[in-house]
Amino acid sequence: MTPRPEGLDFLDGPASAEAALGALPPALASWFRATFGAPTPAQRLAWPALAAGLNLLLSAPTGTGKTLAAFLPLVAELLSNPGTSLRGLYLAPLKALVNDVGRSLEGHFADLSKRLPAGARVPRLAVRTGDTSPEERRRFRDDPPDMLLTTPESLAVLLSQGALAPAFAELRWVVLDEVHALAGSKRGADLALSLERLGGLSSHELQRIALSATATPLAEAARYLVGPGRSCAVARSGERSPPEIALEPLPEGRRFFSGLIARLALALSEHRSTLVFANARNLAERVGWALRQRVPAWEGQIAVHHSALAAGRRREVEELFKRGELRAVVCSTSLELGIDVGAVDLAVLIHPPGDVVRLLQRVGRAGHGPHAIRRGLVLTASAAELLEATVTAASGLAEQCEALRAHPAPLDVLCQQLLGMTAARPWPPEEMFELVRRAGPYADLSRDDFDACLTYLRGLDARGEAWLPARVREDGDCLRIRDARTARLLRRNLGTILAEEGVTVLRQPAGALTPTDPFSDEALERPAEPPPQPIGQVDEAFADRLQAGDRFLLDGRCLELRRRQSGALLVEEVPGRPQVPRWGGDGLPLSPELAGRLYLLRIQAAEALREGPEALAELLRRDYGLAGPAVADLASYFQRQESVSEIPDSTTLLIEVVVSFEAATLYLHTPLNRQGNDALARVAVLRLARDHARSALSVVADLGLALVLRGGLPEDVPELVRGLLALDELDVDLELALREAPALRARFQRVAQTGLMLLRNPIGGRRRVGGHDWGERRLFEQVRGHDPNFLLLRQAMREVRRDVCDGVAAHGYVATLPNQGLRCRWLARPSPFVEAWTQPGAGAAEEVETPAEALQRLHAMLMGGGPDVAPA
């Protein structure tokens with residue numbers, strides 16, 4: 001029997017319905033029976049544990065009543081022991097989710113109030129986000145609610161205000177929703193520190209409650225919730241039947257989009273409500289617009305939803321969908337989490353989602369309810385996508401979710417939090433260090449790193465000399481924030497979400513005319529026009545290319561630019577064929593776990609093919625649940641690879657060589673995802689230049705990388721590759737390759753913003769000192785020249801090695817190569833497997849630029865050339 005982790009108590013099974021209801025006051029239990037009937041297994045697990053005062057991580061599928069599982073024992077305590085202070089705090093990663101849960105609870109409380117004895121009152125709720133009005137903020141200070149619902153960023157703002165500290169003195173409970181969306185990120189590290197600060201303000205030991213449908217492993221999520229040294233009960237309820245996930249290949253190439261719209265139109269006609277997920281905002285826009293064009297009768301029944309749309313428009317879409325007034329909503333990732341959009345019959349995924357957790361989140365949006373069926377349809381654009389979708393769906397049905405990856409002790413976040421602590425009150429450094437180490441992500445923080453953060457905030461360098469503007473000052477044995485202006489700057493720049501700057505798009509009211517002379521008779525007789533309404537934002541680079549009369553997509557509508565107005569784009573909806581905006585950050589990488597399983601399926605397919613095509617088809621049907629055309633398409637894909645080259649196996653590194661007039665290209669097939677191959681490619685390019693005086697271009701993708709060698713092919717390709725991927729000094733060479741990489745400079749700018757070295761929102765509005773990329777162009781070199789070991793430089797390098805290139809995975813793979821064979825296949829053209837990740841516009845392959853290549857590209861641009869621009 002596997003031993004249970006220390007401090008964690010895994011609950012064995014749900015209590016009976018009567019025992020669970022017995023944990024609630026009679027009036028509350030009676031209301032629940034009348035409204036919902038019997039409690040779900042998730043509620044039967046949670047209520048007794050929470051009534052006993054335990055910290056709890058509750059894992060249960062979407063639609064199994066997790067919100068009431070967390071809240072009703074807290075409501076029971078508030079009904080039994082009413083007070084006049086803040087007692088409960090609810091935290092969620094999205095403002096929309098906070099607002100949605102607030103509306104839901106208010107509705108339940110209004111119904112509950114009718115069943116309470118005379119004189120009793122239901123708990124008072126308040127919502128606090130960036131959209132909260134000044135009047136509501138004052139009300140929180142003067143008359144705190146019983147429960148506050150907010151986001152991690154808004155909580156950090158509250159904690160930075162010392163005058164609000166008394167409001168948290170009686171806090172008893174903290175509910176953290178969608179914990180899996182936070183625990184492995186820098187936002188999660190930031191929130192963990194905020195929770196410890198809350199614990200220091202309250203006179204009670206906080207009862208911590210976390211909810212999730214997909215957190216894996218549960219022990220890791222529980223440790224994140226409570227930190228070191230505290231106990232936690234872990235309850236897992238898997239009572240819902242597995243989702244129904246269908247995979248359907250669509251025509252490849254140029255026919256894909258037209259086939260996609262036809263298939264979606266059919267799905268929408270067969271279901272009352274459909275939620276369509278695209279992996280990028282520009283695709284969501286294209287699909288929403290195209291569906292309206294295909295079926296004009298659905299004009300008012302199809303909406304688009306993504307983060308670049310105005311908050312008011314997003315809320316409107318959510319409410320219309322919830323009321324059943326929309327046939328479909330097309331979104332990117334914005335509706336993955338538990339926002340209540342009503343009953344959804346079908347969730348459609350355009351392209352595979354990149355990991356198992358995201359697949360289950362998306363499919364779980366359909367069939368929202370304890371007994372409803374969750375139906376998902378994944379539409380693929382190629383055989384390679386079908387292969388990925390096959391493995392992702394099989395992993396989801398087997399509950400093989402990706403493990404949470406901790407973000408250990410991010411130093412830029414720590415700097416921000418330390419400054420927030422000193423803004424609230426003076427702090428002795430020793431006391432600060434003790435509090436920080438109580439947070440799970442910072443349990444192993446070294447004193448040297450902690451002191452380096454304080455040195456930076458004091459404005460000193462490693463030698464103790466004045467270097468940067470001081471953020472804190474000494475006050476006896478304590479540290480406090482430098483002044484009121486620094487506190488204002490802190491609150492304007494709190495948080496770890498670094499969205500790209502965008503240009504607001506304002507929609508002209510229908511029928512509005514162009515401006516005329518304000519003193520003309522026409523202007524005097526015209527009735528006052530309503531002001532333009534914001535509908536969203538587009539990237540600044542895209543906006544800068546637009547001229548009056550240009551048409552583009554936003555909100556799934558064709559908009560024509562009339563003019564610029566105070567920095568915004570004033571537009572009007574028109575018929576026509578629009579451009580598609582491009583936003584930064586679109587695209588979902590493949591998880592390392594899925595990459596390994598994809599490689600395994602390839603090996604299984606090769607073994608089955610030895611017994612004939614029917615054996616392969618049977619493998620796909622029996623072990624992976626494929627049916628219909630998907631079986632034939634995937635079997636044909638494997639057969640084409642075998643006929644042109646071979647399917648890579650686990651004992652051999654397959655190198656496919658394609659020689660052209662300009663260069664020789666080596667295609668290396670590995671079991672790594674894009675980040676792992678990125679690390680291999682950077683080391684290989686560095687070693688080619690240093691050890692062989694060879695310039696090379698590298699392209700990385702999931703399950704492979706390419707090295708494009710100029711100047712002819714070496715005589716012994718296997719020997720060359722073994723040297724390029726030798727384990728000796730691999731980590732050192734990766735570090736050298738990254739020091740001059742554009743990725744490090746770009747990441748430093750982001751780290752400098754989180755660490756408050758660069759301010760996203762200075763007082764007086766946004767200003768660009770030297771351009772929006774000044775941090776990576778100039779500040780990076782200035783900082784590195786002064787102190788190569790500066791803490792924010794070290795943090796940027798950590799993140800590049802964690803998020804951009806996976807050196808650990810690359811090291812593990814290279815360590816196996818001495819025991820593997822290397823086999824070269826000389827081909828006239830790339831094999832089917834390679835074509836899947838090198839086709840133009842696929843978005844899966846990325847070039848890794850050397851410093852020399854970057855200089856060459858810059859020179860070409862200065863001389864009037866430059867990279868080709870793909871049509872939008």
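Keep in mind that what you see is a predicted model, and the values were worked out from it rather than measured.

S.K.: Hey, could you run me through the overall build of the chain in this one?
M.R.: Assigned secondary structure in the chain consists of 33 helices and 27 strands. The globule rule puts the C-alpha radius of gyration for 872 residues at 29 Å, and the 29 Å found for the chain is close to it. C-alpha atoms of the chain, sized along the principal axes, occupy 90 × 85 × 70 Å. A separation threshold of at least 6 residues defines the contact pool for the chain, and within that pool the share at least 24 residues apart is 75%. Per element, the accessible surface of the chain, about 37200 Å² overall, is 51% carbon and sulfur. For the chain, the distance from the average site of its 101 positive side-chain charges to the average site of its 108 negative ones is 4 Å.

S.K.: Explanation requested: the side chain of arginine 187 in the structure shown.
M.R.: Relative to the assigned elements, arginine 187 resides in helix H9 (residues 186–201). Taking relative accessible area as the criterion, arginine 187 reaches 16% and is therefore assigned buried. Apart from residues no more than four positions distant in its own chain, arginine 187 is found in contact with Pro93, Pro152, Glu153, Leu182, Thr496 and Ile497.

S.K.: Explanation requested: the sheet that holds strand S5 (residues 147–150) in the structure shown.
M.R.: The strands that make up a sheet pair up through hydrogen bonds in the backbone, lying either parallel or antiparallel. The strand order across the open sheet formed by eight strands is S1-S8-S2-S7-S6-S3-S5-S4, and the pairing between neighbours is parallel. Sheet topology places strand S1 (8–10) and strand S4 (125–128) at the edges, where each strand pairs with a single neighbour. Strand after strand, the sheet turns through a mean of 15 degrees between neighbouring axes, direction not considered.

S.K.: Hey, could you run me through the pairing of strand S19 (residues 551–554) in this one?
M.R.: Successive residues of a regular strand alternate their side chains across the two faces of the sheet. Where S19 and strand S20 (residues 557–565) come together, four bridges link them in antiparallel fashion. If you follow leucine 554 over to S20, its bridge partner there is arginine 557. Counted between consecutive antiparallel strands, the loop separating S19 from S20 contains two residues, among which aspartate 555 sits at a positive phi close to 60 degrees.

S.K.: What is the right way to read the packing of helix H11 (residues 256–270) against helix H12 (residues 281–294) from this model?
M.R.: Each pair of packed helices can be summarised by the angle the axes make with each other and by the distance between the axes. Interaxial distance between H11 and H12 falls to 10 Å at its minimum, and their mutual angle equals 65 degrees. Taken together, H11 and H12 sit at an angle that is classed as roughly perpendicular. With respect to the hand of their crossing, H11 and H12 are arranged in right-handed fashion. Every residue of H12 that contacts H11 at Phe257, Leu260, Ile261, Ala262, Leu264, Ala265 and Leu268 is listed here: Leu283, Arg286, Val287, Ala290, Leu291 and Arg294. Of the residues contributing to the contact of H11 with H12, the split by class is 11 nonpolar, no polar and two charged.

S.K.: Got a minute to help me understand unusual backbone geometry in this structure?
M.R.: Keep in mind that most residues, glycine aside, have a negative phi and that most peptide bonds are trans. Residue proline 217 is bonded to the preceding threonine 216 through a cis peptide linkage, with omega at -10 degrees. Along the chain, proline 217 falls in the loop between strand S7 (207–212) and helix H10 (218–226). Even without being glycine, alanine 409 reaches a positive phi, approximately 45 degrees. By the element assignment, alanine 409 lies in the loop between helix H15 (383–397) and helix H16 (411–424). For alanine 693, which is not a glycine, the phi torsion comes out positive at approximately 55 degrees. Mapped onto the secondary structure, alanine 693 falls in the loop between helix H25 (674–692) and strand S24 (696–701).

S.K.: When you look at the packing of aromatic side chains in this model, what are you seeing that I'm missing?
M.R.: Under the criterion given, the structure shown has 14 aromatic pairs. Ring plane angle 75 degrees and centroid distance 5.6 Å describe the contact between tyrosine 456 and phenylalanine 790, whose orientation is recorded as edge-to-face. Taken together, the positions of tyrosine 456 in helix H18 (residues 447–457) and phenylalanine 790 in the loop between helix H29 (774–786) and helix H30 (791–804) put the pair 334 residues apart, joining distant regions of the chain. An angle of 45 degrees between the planes, with centres 5.1 Å apart, marks the rings of tyrosine 637 and phenylalanine 833 as tilted. Here tyrosine 637 is found in helix H24 (residues 629–644), whereas its partner phenylalanine 833 is found in helix H32 (residues 832–838), with 196 residues between them in sequence.

S.K.: What am I meant to see in the nonpolar core here?
M.R.: Soluble globular proteins tend to pack their nonpolar side chains together in the buried interior. Among the nonpolar cores identified, the biggest contains 117 residues, and Leu198, Leu414, Leu418, Tyr442 and Phe748 are the most heavily contacted of them. The leading source of residues in this core is H16, at eight residues. In contact with leucine 418, not counting residues within four places along its chain, are Met432, Val436, Phe450, Cys453, Leu454 and Leu457. Of all hydrophobic cores here, the second largest spans 102 residues; its members include Leu45, Leu68, Leu211 and Cys401.

S.K.: Help me understand the pattern of salt bridges, please; the structure alone is not making it clear to me.
M.R.: Any two side chains of opposite charge can pair, given that their charged atoms come close. Using the criterion set out here, one finds 61 salt bridges in the structure. The closest approach of N and O atoms between aspartate 100 and arginine 103, which form a salt bridge, is 3.8 Å. Within this pair, aspartate 100 and its partner arginine 103 are both found in helix H5 (residues 95–113), separated by three residues, close to a single helical turn. Of the charged contacts, one joins aspartate 475 and arginine 480 as a salt bridge, the two residues approaching to 2.8 Å between their closest N and O atoms. Taking relative accessible area as the criterion, aspartate 475 reaches 32% and is therefore assigned partly exposed. Overall, arginine 480 belongs to the partly exposed group, its relative accessible area being 27%. Through salt bridges that share partners, Glu299, Arg313, Glu316, Arg507, Asp555, Arg557 and Glu573 make up one connected network.

S.K.: Is there a simple way to explain the environment of valine 276 in this structure?
M.R.: Note on placement: valine 276 falls in strand S10 (residues 274–277). Through-space distance from the C-alpha of valine 276 to that of serine 332 is 8.3 Å; in sequence the pair is 56 residues apart. Dropping the residues within four chain positions of it, valine 276 is found in contact with Leu264, Val329, Val330, Cys331, Val348 and Ile350.

S.K.: Help me understand the environment of asparagine 677 in this model?
M.R.: Relative to the elements of secondary structure, asparagine 677 occurs in helix H25. According to the relative accessible area criterion, asparagine 677 is buried, its value standing at 0%. Sequence separation of asparagine 677 and alanine 809 is 132 residues, and the distance between their C-alpha atoms is 8.8 Å. In this structure asparagine 677 touches Thr670, Leu672, Val700, Ala701, Asp702, Leu703, Gly704 and Leu705, once residues within four positions along its chain are discounted. Side-chain polar atoms of asparagine 677 contact the side chain of threonine 670, separated by 2.6 Å.

S.K.: Just to check I follow, could you spell out the sheet that holds strand S9 (residues 244–249) for this structure?
M.R.: Strand order across the open sheet formed by six strands is S9-S14-S13-S10-S12-S11, with parallel pairing between neighbours. On the outer flanks of this sheet lie S9 and strand S11 (302–305), each paired with one strand and no other. Strand-to-strand twist across the sheet, computed as the mean angle between neighbouring axes with direction ignored, equals 20 degrees. In this structure, S9 lies alongside strand S14 (residues 375–380), joined through six bridges in parallel fashion. In the sheet register, proline 249 faces S14, and the bridge partner there is threonine 380. In this fold H15 packs onto S9 and S14, with an angle of close to 175 degrees to the strand it touches most, S9.

S.K.: Just checking my understanding: could you explain the packing of H25 against helix H31 (residues 807–816) for this structure?
M.R.: Two elements in contact, H25 and H31, have axes separated by 8 Å at closest approach and are oriented at 70 degrees. Considering their axes alone, H25 and H31 lie roughly perpendicular with respect to each other. For the pair formed by H25 and H31, the contact residues are Gly676, Ala679 and Leu680 on the first element and Gly807, Ala810, Tyr813 and Val814 on the second. For the contact of H25 with H31, the class distribution of residues is five nonpolar, two polar and no charged.

Rules behind the numbers
Residues numbered from 1 in each chain as written. Predicted model: local features only at pLDDT ≥ 70, side-chain atom pairs only at ≥ 80, totals over all residues. Heavy atoms only, no water. Helix = DSSP H or I, 4+ residues; strand = E, 2+ residues; numbered from the N terminus. Rg over C-alpha atoms; globule rule 2.2 N^0.38 Å. Contact = heavy atoms within 4.5 Å. Areas by Shrake-Rupley, 256 points an atom, 1.4 Å probe, with all protein chains shown as cover. Lys, Arg positive; Asp, Glu negative; His and termini not counted. Charge placed at Lys NZ, Arg CZ, Asp CG, Glu CD. Buried < 20%, exposed > 50% of the residue type's maximum accessible area, 1.4 Å probe, protein only. Pairing = 2+ DSSP bridges. Axes fitted to C-alpha atoms, helices over the stretch in contact; angles between N-to-C directions. Parallel < 35°, antiparallel > 145°, perpendicular 65-115°, else oblique. Left-handed = near helix turned anticlockwise from the far one by under 90°. Nonpolar A, V, L, I, M, F, W, Y, C, P; charged D, E, K, R; others polar. Phe/Tyr/Trp six-rings, centres within 6.5 Å; stacked < 30°, edge-to-face > 60°. Core = buried A, V, L, I, M, F, W, Y, C linked by side-chain atoms within 4.5 Å. Salt bridge = Lys/Arg side-chain N within 4 Å of Asp/Glu carboxyl O. Polar contact = N/O pair within 3.5 Å; in protein donor to acceptor, adjacent residues only side chain to side chain.

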